[in-house]
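Breakdown of the fold
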Amino acid sequence: SQAFGELCRMTVKKGATLCKEIEDVLRAELKSEVYLLSQIIPDLKKVINQDTEHAKTSDDTTSDARQAQFNYAFRVFVRTMSSHFSPLVLCLDDLQWADVSSLDIIELLLADVQNKFSLMIIGCYR
């Protein structure tokens, strides 16, 4: 979350035009599910319009379905950012302390064959 927050802050520094381009791509692909990302990456609210609405989920939505929605949204976010910041390099330190969910997200990003832009993940551990 911190690394992607920093990326959002860099986006804001580059100007409103870039923010609008990124917002347009995310909203076109994710619609109201952009809300999911803004909950995990609060600085994303600085890039997209502040009035992001909550994605409605029914009570019978399973946790697996919610996880799949988040995984899709996160992949779209990384694809979008790597298309504007290429190459996108993430340096992740202290991976020996990473939980299974974090490692699953790293694997998800590395296995995303739809990301046609440069993404490099550098993992450090002791």
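Computed from a predicted model, the values in this text were never measured in an experiment. (Residues numbered from 1 in each chain as written. Predicted model: local features only at pLDDT ≥ 70, side-chain atom pairs only at ≥ 80, totals over all residues. Heavy atoms only, no water.)

Along any regular strand, the residues point their side chains to alternate faces of the sheet. The pairing of strand 1 (residues 88-92) with strand 2 (residues 119-123) spans five bridges and is parallel. Following the sheet pairing, Leu88 is matched in strand 2 by Leu119. Tracing the backbone out of strand 1, into helix 6 (residues 100-110) and back to the parallel element strand 2 gives a crossover that is right-handed. (Pairing = 2+ DSSP bridges. Helix = DSSP H or I, 4+ residues; strand = E, 2+ residues; numbered from the N terminus. Right-handed = clockwise from strand over helix to strand, strands pointing away.)

Enumeration over the complete set of coordinates arrives at four aromatic pairs. The interplanar angle of 85° and the centroid separation of 5.1 Å between the aromatic rings of Phe4 and Phe74 together place this pair among those described as edge-to-face. Here the residue Phe4 occupies a position in helix 1 (residues 2-14), and Phe74 occupies one in helix 5 (residues 63-84), the gap between them amounting to 70 residues. The exposure classification of Phe4 matches that of Phe74, with both residues buried. Summarising the aromatic geometry, the rings of Phe74 and Phe77 are spaced 6.3 Å apart at their centres and angled 35° between planes, so their arrangement reads as tilted. Placement of both Phe74 and Phe77 in helix 5 is noted, with a separation of three residues, approximately one turn of the helix. Per residue, the accessibility class of Phe74 equals that of Phe77, and both read buried. (Phe/Tyr/Trp six-rings, centres within 6.5 Å; stacked < 30°, edge-to-face > 60°. Buried < 20%, exposed > 50% of the residue type's maximum accessible area, 1.4 Å probe, protein only.)

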